[in-house]
Amino acid sequence: MTVKTIIECRKLGKSYETIDGDPVVALEEIDLKISEGEFICVVGPSGCGKSTLLKIFAGLLPYTSGAAELLGQPITGARRDIGVVFQNAVLLQWRNVLNNVLLPADAQGLPRRDYIDRAHELLAMVGLSGFENKYPFELSGGMQQRVSITRALVHDPALLLMDEPFGALDAMTREQMNLDLQRIWMQSGKTVFLITHSIPEAVFLGDRVVVMTARPGRMAGILDIPFARPRSLDVTATPEFGRIVTQIRKMLNVEQGID
Amino acid sequence: MTHAPANATPSPAAPAQPKRKRAMSADRRMQLILVPLVFIITVGGWEAIVRGLNVNAFVLPAPSDILLALKQGFATGLLWEALKVTMLEIVLGFILAALSALVLGTLISQIRILEITIYPYIVALQTVPKIAIAPLIVAWVGFGIESKVVIVVAVAFFPMLVNTIVGLKATPEDKIDLMRSLGAPRWKIFYMVQLPEAMPYIFAGLSIGIVLAVLGAIVGEFVGAKAGLGYQIVQMNYNLDIAGVFAVLIVLAVIGIAFDFLTTQVRRRLLFWHKELR
């Protein structure tokens, strides 16, 4: 039984034209194949193109060379079968929690009643039962981000793209969110592509970690993460964990470390 | 106190209880005493000075005379008729100006070619005091209500237009990215995100607009009219009925307060979600 490939790119590249000469290369020679149910993390410094890669997968940016396919179809624009979580929760402040979660249905012109039950289920899964009628200004940062994750899952997408989703949260909330995300991922069986600045976060969450370097944005390597699921925070204290983090640091040529 | 496990349901915002009426704050209590006190002292002092120093009624009337003029003005129906005329000019002009500002603002912000062509003219005309064309409007349109409505539109339109355009263009990039990632069509992005996001700006424009509408109606009536509160001011001034003029000013103050109150109430409902303007 072959596992379905969710997303695949071959020699993917993205360059921008500049007014006065050589094009700026944001991404170069990206080869990546993500299978169904995998949790892939991408880690790298600012400017390595990881957000660009995510936007290409989301259909928000066109790529300029190579190929990228979602479920076998070339990516030409926004697709209904992906969910995106941004660094900021980006909730619509004039809608309550439930209506924010149902935004994909409204945006795509689908009948709400088909999604209401799922919305309630997902909100319960992230621990926000009873908050359906609250407004964003009444929620903390972590809660808002959880609503954002729920929204990204409500229309049952094939792929969940997350661009530094916990970057705006404090360190302790961040750790808790990592655990929550792992739980949600294990319960929903979704395929996740997550970008982060934090090497420990990437190693804790991912089945595989893609390491990217900057200028131009290239893949320095992909590491398999051997820890069994579900992982507790204790795993971050093991020597094996430290070894992998150090290995990634070396690949990024970072002396002081990022996190 | 034991700490709940972090992944339990987060502490609820407020326990489910019938709402307690908030006790009046100390500030509010002081306000209820001091504000009327200042009024009494000011008016009382004014009355005393005018009567005591025998100030000429053409210069500064006593509050008691003003009150009399006010009562008489309404008893004879004079002020009431004038009020109706001016209110009609204000409301009609404001609504026309607001609707045009919204429609034109939407078109300009959404259609690039319109924006680059028309916006420079708008910027240029912004600084010209529109009230200056009031005599021209009266010469063209006449002394009736219509000319005042036109003047109100001219005066209130531009700020509302500019605020609408700025508001519609100020949508944060990430919200637009979000809608695009969901595959939402352009008109939905406008209706579901740009428009609500622009509401604080549009509303600020409307608040400015209503103030200018009152200004436009009154000054328009100064320039040329047959009726209205501004017209009454000119008439009474000419007849040296200064107490009457003050009476009209009181009516105008009440109108201003009423509009302001209305505006605040509508804003509270419309913009309940906004951090600052709630």
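See the structure shown above.
Summarised in this report is the structure supplied together with it.

What counts and what doesn't
- Residues numbered from 1 in each chain as written.
- Chains lettered and ligands numbered in written order.
- Predicted model: local features only at pLDDT ≥ 70, side-chain atom pairs only at ≥ 80, totals over all residues.
- Helix = DSSP H or I, 4+ residues; strand = E, 2+ residues; numbered from the N terminus.
- Rg over C-alpha atoms; globule rule 2.2 N^0.38 Å.
- Contact = placed C-beta atoms within 7 Å.
- Expected span 1.5 Å × (residues − 1).
- Buried ≥ 20, exposed ≤ 12 C-beta atoms within 10 Å, placed from the backbone.
- Axes fitted to C-alpha atoms, helices over the stretch in contact; angles between N-to-C directions.
- Parallel < 35°, antiparallel > 145°, perpendicular 65-115°, else oblique.
- Nonpolar A, V, L, I, M, F, W, Y, C, P; charged D, E, K, R; others polar.
- Pairing = 2+ DSSP bridges.
- Core = buried A, V, L, I, M, F, W, Y, C linked by C-beta atoms within 7 Å.
- Arc of directions from axis to C-beta.

**Comments concerning the overall build of chain A**
Part 1: Counting its secondary structure elements, chain A contains 8 helices and 10 strands.
Part 2: Computed over C-alpha atoms, the radius of gyration of chain A comes to 18 Å, within 12% of the 18 Å expected from 2.2 N^0.38 for 259 residues, which places it in the range of a compact globule.
Part 3: Across its three principal axes, chain A shows a C-alpha extent of roughly 50 × 45 × 45 Å.
Part 4: Contacts spanning at least 24 positions in sequence make up 71% of the contacts within chain A whose residues lie at least 6 apart.

**Quick word on helix α10 (residues 242-270) of chain B**
Residue and element names in this part refer to chain B.
Part 1: Helix length check: α10 (29 residues) gives 42 Å between terminal C-alpha atoms against 42 Å at 1.5 Å per residue, within 8%.
Part 2: What α10 keeps buried is the set A243, G244, V245, F246, A247, V248 and V251.
Part 3: Looking at the buried side of α10, the elements it contacts are α2 (63-75), α3 (78-110) and α9 (229-238).

**Section: the packing of helix α8 (residues 186-223) of chain B against α10(B)**
Residues and elements named next belong to chain B.
Part 1: Running from amino to carboxyl end, α8 crosses α10 at an angle of 170°, the nearest separation of the two axes being 11 Å. By the criterion of interaxial angle, the relationship of α8 to α10 is roughly antiparallel. Packed against α8, whose contacting residues are M199, F203, S207, I210 and V214, the element α10 presents I255, G256, F259, T263, R267 and L270 at the interface.
Part 2: Its residues assigned to classes, the contact of α8 with α10 comprises 7 nonpolar, 3 polar and 1 charged.

**A closer look at the pairing of strand β2 (residues 21-35) of chain A**
All names here are of chain A.
Part 1: Pairing of strand β1 (residues 5-18) with β2 involves 9 bridges; the strand directions are antiparallel. Paired with Y16 across the strands is V24, a residue of β2.
Part 2: Taking the residues that link successive antiparallel strands as the turn, the β1-β2 hairpin has 2 residues.

**Quick word on the nonpolar core**
Part 1: Counting 81 residues, the largest nonpolar core has F57(A), L161(A) and F193(A) as its most contacted members.
Part 2: Discounting residues that sit within four places of it in the chain, L161(A) has contacts with L54(A), F57(A), A58(A), I82(A), V84(A) and F193(A).
Part 3: Membership of the second largest hydrophobic core comes to 52 residues, among which are I90(B), I108(B), A225(B) and F246(B).

**Points about the interface of chain A and chain B**
Part 1: Of the residues lining the interface, 27 residues belong to chain A; the matching set on chain B comes to 22 residues.
Part 2: For the side of chain A that touches chain B, the elements supplying multiple residues, two or more each, are α3 (103-107) and α6 (171-188) of chain A.
Part 3: Among the residues making up the side of chain A that touches chain B, the classes are represented as 14 nonpolar, 7 polar and 6 charged.

**Comments concerning helix α7 (residues 173-181) of chain B**
Part 1: Within α7(B) the residues assigned to the buried category are K175(B), L178(B), M179(B) and S181(B). Here the buried residues of α7(B) occupy an arc of 165° about the axis, which is enough to place them on one side.
Part 2: Buried positions along α7(B) lie against α1 (50-58), β6 (82-85) and α3 of chain A together with α8 of chain B.
Part 3: Looking one or two residues past α7(B), G183(B) carries a phi angle of roughly 75°, positive in sign.

**Structural notes on unusual backbone geometry**
Part 1: Residue P230(A) is bonded to the preceding R229(A) through a cis peptide linkage, with omega at -5°.
Part 2: Within the secondary structure layout, P230(A) lies in the loop between β10 (218-224) and α8 (239-251).
Part 3: The phi torsion at E29(A) lies on the positive side, around 50°, for a residue other than glycine.
Part 4: Inspection of the secondary structure puts E29(A) in strand β2.
Part 5: The residue L240(B) is not glycine, and still its phi comes out positive at about 60°.
Part 6: One can find L240(B) in the loop between α9 and α10.
Part 7: On the basis of neighbour count, L240(B) is assigned to the exposed category, with 12 C-beta atoms found within 10 Å.

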